[in-house]
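Chain and residue survey
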Amino acid sequence: MTPGSGPSTVSSTLTASKDQPNVPPARQARLCIVAPRALHGVLVLDEASVTFGRASEEDVVRVDHGTISRRHLTVAEVSDGTYSVTDLGSRNGTWVNGVAVGSLPRILKHGDVLRMGEVLAVFEVGEVLDAVEPDDDAHRIPGQSLGAMQLRACVVRAARSGGTTLIEGESGTGKEFVAAELHRLSQASGPYVVANCAALSSSLIDSQLFGHERGAFTGAVSAHEGFFRAANGGTLFLDEIGELPQDLQPKLLRAVELGEIIPLGGTKVHQVRTRVVAATNRTLDTEVAAGRFRRDLFARLTLQRIEVPPLRERRADFMVWYDLLHQRWSERQSGLAAEPVEFTAEALEALLLQPWLENLRGLDQVVHGVGGLLLTAGSKKVSVADVRAWLQTVDANREPDEAGLAEHKPPKPTREEFIAVMEAEGWSVRGTARHFARDRRQIYRWIRLFGVIRPEGSVDD
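What counts and what doesn't
- Residues numbered from 1 in each chain as written.
- Predicted model: local features only at pLDDT ≥ 70, side-chain atom pairs only at ≥ 80, totals over all residues.
- Heavy atoms only, no water.
- pLDDT = per-residue confidence, 0-100.
- Helix = DSSP H or I, 4+ residues; strand = E, 2+ residues; numbered from the N terminus.
- Contact = heavy atoms within 4.5 Å.
- Salt bridge = Lys/Arg side-chain N within 4 Å of Asp/Glu carboxyl O.
- Buried < 20%, exposed > 50% of the residue type's maximum accessible area, 1.4 Å probe, protein only.
- Pairing = 2+ DSSP bridges.
- Core = buried A, V, L, I, M, F, W, Y, C linked by side-chain atoms within 4.5 Å.
- Axes fitted to C-alpha atoms, helices over the stretch in contact; angles between N-to-C directions.
- Parallel < 35°, antiparallel > 145°, perpendicular 65-115°, else oblique.
- Left-handed = near helix turned anticlockwise from the far one by under 90°.
- Nonpolar A, V, L, I, M, F, W, Y, C, P; charged D, E, K, R; others polar.

Looking at the protein as a whole, the pLDDT averages 81, with 84% of positions reaching at least 70. Per-element confidence in the protein ranges from a low mean pLDDT of 39 for strand β1 (residues 13-15) to a high of 96 for strand β11 (residues 113-116). Confidence drops under a pLDDT of 50 for residues 396-409, and excluding neighbours within four residues, the segment shows 25 contacts in the predicted structure.

Okay, structure coming up:
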């Protein structure tokens, strides 16, 4: 997507500069093209002002799509680290977070969703860690967002340094992917063993983790080595570590700190070389302060800490994760590879703007719902109406408004944005209300607030 070039690839990082080499700076502003897939890639903005369009001109960064005008929009740095977008009178328009952009500049914030014609991008600005992993491994923790890049760099460094690691993040963010990648990159000779502390039996968790001797309790007809010894020489992933009972925390501390295991009902000390990787969606610092988690164990588990960002902070990676989960769903359904799901630009925009409180688990629900819709209806492309219908099934407690997206109402527009939308909607109050996902009474309030005089004969309903 440099001037006159063709589409980029998923792994590409492209610069909008005409003269400087493609070396990402420490702090970077970028547009991550999310859709269509043929344009998937990253445009690094390392000039004060960059114009995007279809024109094969020296001062235009080319985005080769039929809905893009010759000179579609400009992204400019208006002050240190602050950027704005201006539509250049494009044929098919520009939107930020679902709100139309007019001829006046609109400030861009990190994570904003930019729609230009039928092309969707996510604006990002932030620090870029040095690349430390081979390109062919990027798919193991997929994504082109700054968050994904930083996460991969942290995982590689943690794997190389060894030692106990705590993975933190909201439920459903993919902490198990990070743990598996830590083990793979560590090149340990032993196995990778997973133990979910929340799912382990409360009465048997001691023996499940550390093993037991024959006769240690009723039903113990034979000895059991436990997860720690099973993972000897490799990695033991303790998911939901915050659920571990307090009376077992001293025993876990000894195992992590000294590598010593004493099975339940036994007296012999077993030495193990098991690397512990723990994960939690709790804030363990708070648990320690409240006395619910041992401070010394917390200190040992946090020799290295990795924070997995939520899906809403990795919007640029949305379609990568959607395609991955859709492929898995299709293989479970039919055992066959799936054709990629196609979305209209408005449908995908609606998905990108969701809060995704359940992260990948919530996305997986939508994958199942949309996949079922395509199978039963024979649809080829998912519409915004389809998306809204299935989003309502993800959280039955939502109360969708007339536009079907009450959980994400765009912020109050500026006067210029409001007038631009009203013009685009033919001065229709109903159409403007639908655009902003607001009640018509709110539109009338904004008309009075902004002192807007509508043309004679404008439509109210």
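Applying the stated criterion across every chain, the model contains 21 salt bridges. Glu181 serves as the salt-bridge partner of Arg184, at 2.8 Å between the closest nitrogen and oxygen. A residue pair is termed a helical-turn pair when its members lie 3 or 4 positions apart in one helix, as Arg184 and Glu181 do in helix α2 (residues 175-186) at three residues. The salt bridge involving Arg254 is made with Glu260; its shortest N-O contact spans 2.7 Å. Here the residues in one salt-bridge network are Glu57, Asp59, Arg70 and Arg71, joined through shared partners.

Assignment of secondary structure puts Ala230 in helix α4 (residues 226-230). Ala230 sits 42 residues away from Val272 along the chain, and the two C-alpha atoms are 9.5 Å apart. Here Ala230 is in contact with Pro191, Val193 and Glu225, once residues within four sequence places are set aside.

Looking now at the pairing of strand β14 (residues 192-196). Here β14 shows one buried face, formed by Val193 and Ala195, and one open face, formed by Tyr192, Val194 and Asn196. Both β14 and strand β15 (residues 235-239) contribute to a ladder of five bridges, which runs parallel. Paired with Tyr192 across the strands is Thr235, a residue of β15.

Take the nonpolar core next. With 34 residues, the main nonpolar core has Phe318, Tyr322, Phe343, Leu348, Leu351 and Leu363 as its most contacted residues. Of all the secondary structure elements, the ones that give two or more residues to this core are β2 (27-35), β3 (41-44), β12 (119-127), α8 (318-334), α9 (345-352), α10 (359-377) and α11 (384-394). The element best represented in this core is α8, accounting for six residues. Setting aside residues up to four positions removed in sequence, Leu348 forms contacts with Val34, Ala35, Leu120, Phe318, Met319 and Phe343. Among the nonpolar cores identified, the runner-up in size contains 29 residues, and Leu166, Leu244, Ile261 and Phe293 belong to it.

Close contact between helix α1 (residues 146-161) and α2 brings their axes to 8 Å; oriented N to C, the two are set at 45°. Judged by the inter-axis angle, α1 sits oblique to α2. Regarding α1 and α2, the two cross each other, and that crossing is right-handed. Contacts between α1 and α2 pair Leu151, Val155, Val156, Ala158 and Ala159 from the former with Val178, Glu181, Leu182, Leu185 and Ser186 from the latter. In the contact of α1 with α2, the residues fall into eight nonpolar, one polar and one charged.

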